[in-house]
Amino acid sequence: MPAKRLLLIALLASAAMAHAATPSVQTAASSEPFCTAADAPFAGKIGPDVASSKENWPAEIKPPAGAPNVVIWLMDDVGFGLSSAFGGLVETPNLERLAASGVRYTNFHSTPLCSPSRAALLTGRNAHGAHMGAHANTAMGYPGYDAEVPASVATTARVLRDRGYGTIALGKWDHIPPRYLKPTGPYTYWPSGQGFEHNYGFFAYESDHFAPTLWQGNALLGSPKPGQNYYLTRDLADRAIDYVDQLSSVDPERPFYMYWATGAVHSPHQASQAWLDHYRGKFDMGWDKYRTTVLARQKAMKVVPAGTRIAPMQAELPAWNTLSADQKRLYSRQMEALAAQLSEADAEFGRILDGLERAGKLDNTMIFVTSDNGASAEGGPDGTFNMTPVASGVKVPFETSLKHIDDWGGPKSAPHYSAGWAVAANTPFRYFKQAAHDGGIRVPMIVSWPKGIKERGVRTQYGHLIDVAPTILEAAGISAPDCVGGVPQKPIDGIALNYSFDNPSAPARRVTQYYELWGNRGIYHDGWKAVVLHKARAWDILRPVPFSEDRWELYDLRNDPGETTNLAAKEPERLKQMQTLFDKEARTHQVYPIDDNLVRGARVAAAVNGSRTDFTYLMPGPIGLSDRTMPAINGRSYTIRIVFDAKKGDQGVLMAVGGLEAGFSFYVKDGRVHYDYNDLGLGRFAIADAQALPEGPVTVELHYQLNGPLQGEAVLSVNGREAGRQQMTQRVRSGYSGGGELFNIGTDMGSAPTSAYDPPFSFTGRIDRVTVNVEKPAP
């Protein structure tokens, strides 16, 4: 928008001070300055009648001539040493094909986690400055952590849409604050509220690839019907190709911005059987041999310096040659599943490239492929057949996971590989996702733009996800706007990478970059890095670590990119300077206060539900609520009451929460009422009424009374008659999945928490209401 048409109106200082001093509920608009733009004067002529008047239509908004299309493939948990395009042993021929037509950035960085990285990538601002300093599900009521991206931090999609681009988001969108993740909105933080005209995907940090819960626009689509040979990444590729075809056919001159965010390779590590078979036996060499093999390949490809030394393995992770035969068998199968998932995603991405070429769009499409963080060690030393126990602080025994080896990677599993493989996938760097060491934040990056990049090869300039936004704007010939939607914009923190496209030896323009997640923190400056590993065990989320035990480390990354030699004792003055610089950056970007409490389920529930303890859901009405917005029953006594009308032969789900990983279901089958509870896949409890379901009005009630830590007695009644009781454990601390499973009434979307039926198994009778009464938590 031309500057002469902008009228910036700042809030009066006195009003702002008075507002800040008033302890009242505030609206977003009340704390934001705003700007307005006058309408352009009418350029035609208006007379008393049409004969004496002259038409003039508003000018169509168009991007600058030649502005490129944009495609971003944001991979999930893909470490630097995983893809064959960066020396890894997982076959990704389409990434290699892309890299051959563009550049590989080998000194590129993310934040240590998914939600912060996505906010940084999409807005060009540092994560804390975008209010996304940690995961949205662990939000805190501080500016750097409330997960509510302010209007002053507009996404690149919004900026481009306002300049005439088509915009679409496909796949993972996991940074909606939990209290807004409900079908009634508001949709401010949904893709539709963040500049995307179209979106299709899942609103969770993980998704089942065979039975995902899908949303389109602001509407819940549910899950694919069983038996359709469905696979999520294939579906996302189909949608991407369809969008390109539609735009090419209907509006061929309109450029587009496509955000393609796959679930691969976040857990659950699932792939089609053909890909699982393809990798059988290919990782029997183990993670130690994998690391040395990959490092040699990386040096040969010049994606790491020739003198790079490999970082040591953590003490908690054993050498491969010390493992038992069963451990080697299971751990090899774990890596096979992850490799299959990434290779399958690469194959689907190749179909998108083919679609762009078929439409004549490939030459002027700027394509970015990178990852949201390094490879994940959240499965722990043994890996796990089910990740939800880890999120609740429960360790899955090795023997339990071993029982699931034949299903590993298929639709009956929700697995994660061993932390030993995560370290290998991050070769040659130290540690993994969540850490501020390079294993957590140094990620592969490919940029291809045949029309705009002529000098192919490797780039070593220091870069970060926040650099993507200004790179796109510069390529499109669009300046970052001062005002978006009536709100003045915060400056973009990113530095455009375009200077390095055709000048491989150009000096890096990014000199300083901070990192922080859950107490893990670091600061990069001019080739040096100071870093703290506050949480050494990414899989042990309940283990408290006093900040007083933190020890800063210092590395010369110019000569030691693997962070193998800690120079803190040798250069204490430099370390002190780096610590001071971190503090400066932290204050600038609202990093403080730092907190390391990963289990904030109770806090999030309080933010969502406030002081409510009584909930009534009238039907037909709420179908498909996030399990983060349902009543907070975990760790409390509660009563669930379902009122419905039944006739002979009625069957189906009355109410269901969660799925394969954890959850529970009330359902009618074979003329009887059932209640099944899946305790993190580690225990299963069932109560079935021995009497037939009466016809007419029915009230089913379950009362769960705590009588010990994370355990209690459940009593099921039908029309006031006790139908059964059972002592059971209920160890879920927050969600029943990674957010992909829902709180459903009258149906069961996603996977089922019981094997007694195939979803959706919708109820054939009429449900009137569901009420939930929760005891207040202990003070």
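Now for a description of the structure that goes with this document. Note that the coordinates shown come from a computational prediction; the quantities given were computed from them, not determined experimentally.

Two elements in contact, helix α5 (residues 232-250) and helix α8 (residues 325-358), have axes separated by 9 Å at closest approach and are oriented at 10°. It follows from the interaxial angle that α5 and α8 lie roughly parallel. On α8, the residues touching T233, R234, A237, D238, A240, I241, V244 and D245 of α5 are E344, A345, E348, R351, I352, G355, L356 and R358. A per-class count over the contact of α5 with α8 returns seven nonpolar, two polar and seven charged.

Take the layout of surface pockets next. Empty space within the largest pocket amounts to approximately 1,000 Å³. A211, P411, S751, A752 and P759 are, among the 44 residues lining the largest pocket, the residues nearest its centre. Residue classes in the lining of the largest pocket are distributed as 18 nonpolar, 17 polar and nine charged.

Moving on, we get to the sheet that holds strand β26 (residues 672-679). What the six strands build is an open sheet, ordered β22-β31-β24-β25-β26-β27; its pairing is antiparallel. Here the strands that pair on one side only, and so sit at the sheet edges, are β22 (625-626) and β27 (683-688).

Here we take up helix α7 (residues 286-301). Note on helix geometry: an α-helix contains 3.6 residues per turn, so any two residues three or four positions apart are oriented the same way. Here α7 spans 22 Å end to end across 16 residues, near enough to the 22 Å set by a 1.5 Å rise per residue. Within α7, burial applies to G286, W287, Y290, R291, V294, L295 and Q298. Just beyond α7, the residue with positive phi is K302, at close to 65°.

Moving on, we come to unusual backbone geometry. Cis geometry is found at the peptide bond from A264 to V265, where omega equals 5°. Considering the arrangement of structural elements, one finds V265 in the loop between β10 (256-261) and α6 (273-278). Residue P593 is reached from Y592 by a cis peptide bond, and omega for that bond is 0°. Here P593 lies in the loop between α14 (572-588) and α15 (601-609). A positive phi angle, close to 50°, is found at N719, a residue other than glycine. Positionally, N719 belongs in the loop between β29 (711-718) and β30 (721-729). The exposure class of N719 is partly exposed, given its relative accessible area of 41%.

Okay, the sheet that holds strand β20 (residues 553-556) next. One open sheet accounts for four strands, arranged β17-β18-β19-β20; its pairing is antiparallel. The sheet is open, and its two borders are formed by β17 (512-517) and β20, each paired with just one other strand. Direction aside, neighbouring strands of the sheet carry axes that sit 15° apart on average. With five bridges joining them, strand β18 (residues 520-525) and strand β19 (residues 528-532) adopt antiparallel strand pairing. Of the residues in β19, the one forming a bridge with R521 is V532. Here α14 sits on the sheet in contact with β17, β18, β19 and β20, set at roughly 105° to β18.

In this section: the state of the cysteines. The final tally for this structure, using the stated rule, is one disulfide. Between the sulfur atoms of C35 and its disulfide mate C483 the distance is 1.8 Å. A torsion of 90° about the S-S bond marks the disulfide between C35 and C483 as right-handed. With C35 in strand β2 (residues 34-37) and C483 in strand β15 (residues 483-484), this residue pair connects regions lying 448 residues apart in the sequence.

Put simply, helix α2 (residues 93-100) and α8 touch, their axes get as near as 8 Å, and they point 45° apart. Looking at the two axes, α2 sits oblique to α8. When α2 is examined against α8, the residues P93, N94, L95, R97 and L98 are found in contact with a partner set consisting of D346, A347, F349, G350, L353, D354 and E357. Classifying every residue of the contact of α2 with α8 gives six nonpolar, two polar and four charged.

Moving on, we get to the pattern of salt bridges. Under the counting rule described, the total for this entry stands at 40 salt bridges. Residue D77 is joined to K433 by a salt bridge in which the shortest nitrogen-to-oxygen separation is 3.2 Å. Of the two residues, D77 is situated in the loop between β3 (69-75) and α2 and K433 in the loop between α11 (419-425) and α12 (438-441); the sequence distance between them amounts to 356 residues. Accessibility classification places D77 together with K433 in one group, the buried group. For R442, the salt bridge is made with D438, and the minimal N-O distance between the two is 3.3 Å. Like D438, R442 is buried.

Before going further, it helps to spend a moment on the nonpolar core. By size, the foremost hydrophobic cluster in this structure holds 85 residues, and its most contacted members are L82, M258, W260, M335, F349, V369 and W421. The element best represented in this core is α8, accounting for 13 residues. If sequence neighbours within four positions are ignored, W421 has contacts with F283, G286, W287, Y290, W320, Y331, S332, Q334 and M335.

Calculation criteria
Residues numbered from 1 in each chain as written. Predicted model: local features only at pLDDT ≥ 70, side-chain atom pairs only at ≥ 80, totals over all residues. Heavy atoms only, no water. Axes fitted to C-alpha atoms, helices over the stretch in contact; angles between N-to-C directions. Helix = DSSP H or I, 4+ residues; strand = E, 2+ residues; numbered from the N terminus. Parallel < 35°, antiparallel > 145°, perpendicular 65-115°, else oblique. Contact = heavy atoms within 4.5 Å. Nonpolar A, V, L, I, M, F, W, Y, C, P; charged D, E, K, R; others polar. 1 Å grid on protein atoms, 1.4 Å probe; cavity = no way out; pocket = protein on both sides within 12 Å on 5 of 7 lines; lining within 4 Å. Points joined across faces, edges and corners; volume = space filled by probe spheres on them. Pairing = 2+ DSSP bridges. Expected span 1.5 Å × (residues − 1). Buried < 20%, exposed > 50% of the residue type's maximum accessible area, 1.4 Å probe, protein only. Disulfide = S-S within 2.5 Å. Salt bridge = Lys/Arg side-chain N within 4 Å of Asp/Glu carboxyl O. Core = buried A, V, L, I, M, F, W, Y, C linked by side-chain atoms within 4.5 Å.

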